[in-house]
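# Structural description and commentary
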Amino acid sequence: MGSDSEAEAIKRAKVLMVGAGGIGCELLKTLALSGFQDIHIIDMDTIEVSNLNRQFLFRQKHVGQSKAKVARDAVLKFVPHINITPYHANVKDPDFNVDFFKQFNVVLNGLDNLDARRHVNRLCLAAEVPLVESGTTGFLGQVTVHIKGRTECYECQQKPTPKTYPVCTITSTPSKFIHCVVWAKDLLFAKLFGDKSQENDLFVRSSDASDLEKPMEDIFERGPDEDPDQYGKKIYDHVFGYNIEAALANEETWKSRRRPRPTFLRDVLPEKLILQNGNLEKSCLTDDLSLSVMPSLGLNNPQEVWNLAENSRVFLEALQLFIEKREKDIGSLTFDKDDQMAVEFVTAAANIRASSFGIPLHSLFDTKGIAGNIVHAVATTNAIIAGLIVIETIKVLQADFENYRMTYCLEHPSSKMLLMPVEPFEPNKSCYVCSETPLLLEVNTRNTTLRDIVEKIIKVKLGMNQPMVMQGTTLIYEDGDDLEEDVAANYALNLDKNLADLPAPVTGGTMLTIEDFRQELKCHINIKHRDDFDEEKEPDRMVLSGWTAPEKVDTAKSNGASTSADRPIITEVTESKVVDVAAAMPGTKRKLSATLERKGNQEVHEVLSVPGNDDDDDDLVLLDDCPEPNKKLRLQHL
Amino acid sequence: MDREELTAQETALYDRQIRVWGVDAQKRLSKASILVSGLNGTSIEFCKNIVLAGVGDLTVMDDRLVTEDTLQANFLIPRDSDAYGGRSLSEVCCESLRDFNPMVRVSAEKGDLSQSEMEFFDKFDAIVVSCCSLNAKVAINEKCRKRAKRIAFYAIECRDACGEIFVDLQNYTYAQKRSDGTVERHLSYPSLEEAISTPWRNLPRKMSKLYFALRVIERFELSEGRTPGKLSSSDFPSILKLRKELCDAQSLNESHVPEKLFERILHAGSKLHPPICAILGGILGQEVIKAISGKGDPLKNFFYFDTADGKGVIEDIS
């Protein structure tokens, strides 16, 4: 470091930063101090209080303002006279197209979600601009370098997409606290306070249950004269009591499972305590999001785990408070982790349900973290990662490719190392993003619709936002805002057709070509017809294959880690994964630096395993008797 | 004001880090008192980190006046000579640091720590020194070890694109969480003097070469009465001479400490590299947080980072 040619390269460089948050603040500071003079920075977020423990360019007075703009202003104070161009915008906006990306020498990501990372990866490949990726969670972090044609792209190693849970686990057979949280947040909260027109699986039951009650929908409608207090008690008894009783009626479900215990208010809160409740006036604040029932119930510590009675009181009080103080919001609310009452309600509901099912209860603090997908973060890791990013950036600017490195910041040293460098891997020849290898989709073409393919495969698995789908040379679907009415109508019709019934039939042996213009990504999918699918292992009734690295048969004797991610890639909150080192696998042409002292795979194997979240030791577990195996609730999580 | 629970304000601000190390650790941090002597690009990174972490108070000591030279790698000093002219580094940096977290008391102390009264040391739970001669470092370390209450001692040094952190926690006991339960661990750290007196022949072959190079440079600066960090390429021949002397005295082949390493370091002179400052300041930040909170395995007892190989390595020299 430090040569004149290096200083020149830095001075002339035009750099794009994506993200002005935890990593972004540290990175912008270090880039500016290092002599960079032309930096562009994109971030769609505004500043929140919880950012201030690490995003040090921001102050309390900046809460609510654009991160990109405030970061810029702050840095110019100590490195004036350089160009920092902020964009308060979403990097996925069409304005940030390939031509936009082409103007930069290098792109530096400081993002916190997989979707945006994939999008930027594709644009960098299309623009042929080097990408330095990074991520941090708590004390862990990593920096990786991606050069088209020379190294892996960001997607060469399949990254885990957000975890989803089968409907029946959430509605009928929860076994972990997180299942209860999903139920409380995505079902109960949504049913009570959210958009009524939305489909809600709250009372899905197995087909064997006797439907003696009148439709459940009536219960949730509060009559104009219905006392809020009475309403709350009615809801409580139904969702925690009667509903569980009804589920118990189905013997099959509980043959090998712990039977839940119906919870009725009369058993939890004797009549006199209920009468003593109230005193809501105590917690009156002007700001809806700060309204809280905890103080009036004497519960002041968010770290404390409430007992069943306390949770029940919170449930009732919060429900009542919503009706009395926030009636206008009811019918349009979505869960917001910064909405105190919503968090209290969801905590209480999740805990009462957990109690029924014999699952350990959790504090509000912990529940908020789960429900809000909160990433735990500290300043030091971000500072270290930012330093490492700048080091790699300088190498990239000088095309010093022999020295490019991926660096891992570990919590526990491995072979005495807290910072572990690894040589980048060669591109994965079967990566559908950076190479042209087609994928294979096994599907029943006679009873699967185009919509299923577009929604579940193209948008979720392949991460394309505005795809165009062709069978051979026939355009069968296009996604876009500027389509003519009749054209759009035609596509809408196609969506509901089964594959084999499309104008250009998609049957076994045909090939779909999918393109996303903005990402400049084109991908081919060969279709293979299959009649039957395993309802448990293949609930989507579709199997997409061909884009992971060749045969990793005996990887990860793990806790069921289903991904082929090799290293502790931190994209979103990670779960426990025992990872493996690809280079040791026979038949792969990957390099692994000799800097890693190879005391066999085992040590690196252990070292790279990401400390898990206690709650979540298993991956997706599909259960028996799932009444609607096709549907999956999505929890944008882990 | 002594309160048991964190305030609502603290809970909101520290939410994301409480999720990393827990409420108890955060409470301990909020009661801690830290001293940093010697302000440069690396130690101010540490200062930023420790203030954001929410310690009780931070005291900074550096009487040197702010000049063009001291501005390098420093994000705490607004580039306005009207604002910083004629003022000391500690005064100006102190002001900026306060901004990062209004809940931390940041103050500037005048004077030279190696000359300070013993009682002054008692105020602190941890002391970090930078831009310091070997003698000063040793003297300060000794004072830390003589006090009744244990004072954690850290020395941080950055040269060219590499750096060193030294840690002395004296006798340190903590609860280590393992998969099979919690275990009480007891670590015994040598003093700085003891550590660097370890005969070179007894050190592992594969040890970080930086250790040796920095020991040579330290000695050189001391014997020539040079300001730490202000060497240059013209010192190269004299440095090599000293290298030979020291290696002979230690019965070690001088090729064990590569010439290239000295070349790099001397050529860089007093130049600091912001990315390296950030990395070392970050590692140091983590270490001090661990020691104060009593949570996490502290490193023992040297840490090295070198851009040349990209490794961040712990060496145990005792």
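## Remarks on the overall build of chain A
Across its full length, chain A holds 19 helices and 16 strands. Across the 638 residues in chain A, those meeting the buried criterion constitute 56%. In chain A, the share of contacts with a sequence separation of at least 24, taken over all contacts with a separation of at least 6, comes to 70%. On chain A, roughly 26300 Å² of surface is accessible, and the fraction owed to carbon and sulfur atoms is 47%.

## Some details on the pattern of salt bridges
The full count for this structure, using the stated rule, is 55 salt bridges over all chains. Between Asp-267 of chain A and Arg-266 of chain A there is a salt bridge, with the nearest N and O atoms lying 3.9 Å from each other. Each member of the pair Asp-267 of chain A and Arg-266 of chain A is classed as exposed. Taken together, the shared-partner salt bridges connect Lys-137, Glu-157, Arg-159, Glu-164, Arg-215, Glu-218 and Glu-221 of chain B into one network.

## Regarding the state of the cysteines
All names here are of chain A. Tallied over the entire structure, the rule returns 0 disulfides over all chains. Take Cys-156: it sits in no disulfide, and the sulfur closest to it among the cysteines is that of Cys-434, at 3.5 Å. A relative accessible area of 2% means that Cys-156 is categorised as buried. Its sulfur unpaired, Cys-523 is 9.7 Å from the next cysteine sulfur, which belongs to Cys-431.

## Some points on the environment of Lys-206 of chain B
Its place among the elements puts Lys-206 of chain B in the loop between helix H9 (192-196) and helix H10 (209-223). Residues contacting Lys-206 of chain B, with those up to four places away along its chain left out, are Lys-416 of chain A together with Glu-315 of chain B.

## Quick look at the nonpolar core
A general trend in soluble globular proteins is that nonpolar side chains are found buried together. Core analysis: the largest hydrophobic core is formed by 119 residues, its most contacted members being Leu-57 of chain A together with Leu-58, Tyr-154, Val-288 and Phe-303 of chain B. Ranked by size, the runner-up nonpolar core spans 59 residues in total, among them Phe-189, Leu-269, Leu-316 and Val-346 of chain A.

## Considering the pairing of strand S6 (residues 140-146) of chain A
All names here are of chain A. Taken across its 7 residues, S6 has 7 buried, putting it largely inside the fold. The pairing of strand S5 (residues 131-137) with S6 spans 7 bridges and is classified as antiparallel. By the bridge assignment for S6, Thr-137 is matched with Leu-140. The loop that links S5 with its antiparallel partner S6 comprises 2 residues; one of these, Gly-138, has a positive phi angle of about 55°. By the bridge criterion, 3 bridges tie S6 to strand S8 (residues 406-414) in an arrangement that is antiparallel. Its bridge partner lying in S8, Gly-141 is registered against Cys-409.

## A short note on the side chain of Glu-392 of chain A
Residue and element names in this part refer to chain A. On the secondary structure map, Glu-392 appears in helix H16 (residues 379-397). In terms of polar contacts, Glu-392 uses its side chain to reach the side chain of Lys-395, at 2.8 Å. The residues touching Glu-392, leaving out its near neighbours within four places in the chain, are Val-132, Val-143, Val-145, Asn-403, Tyr-404 and Arg-405.

## Describing the confidence of the model for chain A
For chain A, the average pLDDT comes to 81, and 81% of its residues sit at 70 or higher. Scored below 50 in pLDDT, residues 549-638 of chain A makes 222 contacts in the model with residues more than four places away or belonging to other chains.

## Looking at helix H11 (residues 236-249) of chain B
Residue and element names in this part refer to chain B. With 14 residues, H11 extends 20 Å from end C-alpha to end C-alpha; this agrees with the ideal 20 Å at 1.5 Å per step. Regarding H11, the residues found buried are Phe-236, Ile-239, Leu-240, Leu-242, Arg-243, Leu-246 and Cys-247. End-on, the buried residues of H11 take up no more than an arc of 160°, which puts them together on one face. Counted as exposed and oriented over 90 degrees from the buried face of H11: Pro-237, Lys-241 and Ala-249. On its buried face, H11 is in contact with H10 and helix H12 (259-268).

Calculation notes
Here the residue numbering is sequential within each chain, running from 1 through the sequence in written order. Naming scheme: in the order in which they are written, chains are lettered from A and ligands are numbered from 1. The model is predicted, so local features are restricted to residues of pLDDT at least 70 and side-chain atom pairs to those at 80 or more, both for listing and for counting; the totals for chains, interfaces and linings are taken over all residues. Neither water nor hydrogens contribute to the side-chain values; these are computed over all heavy atoms in the structure. Helix numbering and strand numbering both begin at the N terminus, where a helix is a DSSP run of H or I of at least 4 residues and a strand a DSSP run of E of at least 2. Burial classes: relative accessible area under 20% of the type maximum marks a residue as buried, over 50% as exposed, and values in between as partly exposed (1.4 Å probe, protein chains only). We call two residues in contact when some of their heavy atoms are within 4.5 Å. Method for areas: the Shrake-Rupley scheme with a 1.4 Å probe, in which residue coverage is limited to the protein chains shown. Any Lys or Arg side-chain nitrogen located within 4 Å of an Asp or Glu carboxyl oxygen qualifies as a salt bridge. Put simply, a disulfide is two cysteine sulfurs that come within 2.5 Å. Buried Ala, Val, Leu, Ile, Met, Phe, Trp, Tyr and Cys residues form a nonpolar core when they are joined through side-chain atoms within 4.5 Å. Only strands that DSSP links by at least two bridges are regarded as paired with each other. Whenever a nitrogen or oxygen atom comes within 3.5 Å of another N or O atom, the pair is scored as a polar contact, on the condition that within protein one atom can donate a hydrogen and the other can accept it, and that pairs from neighbouring residues in sequence are kept only if both atoms are in side chains. What pLDDT expresses is the predictor's confidence in each residue, scored from 0 to 100. Any helix carries an expected span of 1.5 Å times its number of residues minus one. The arc under discussion is defined with respect to the helix axis, by the directions toward the C-beta atoms.

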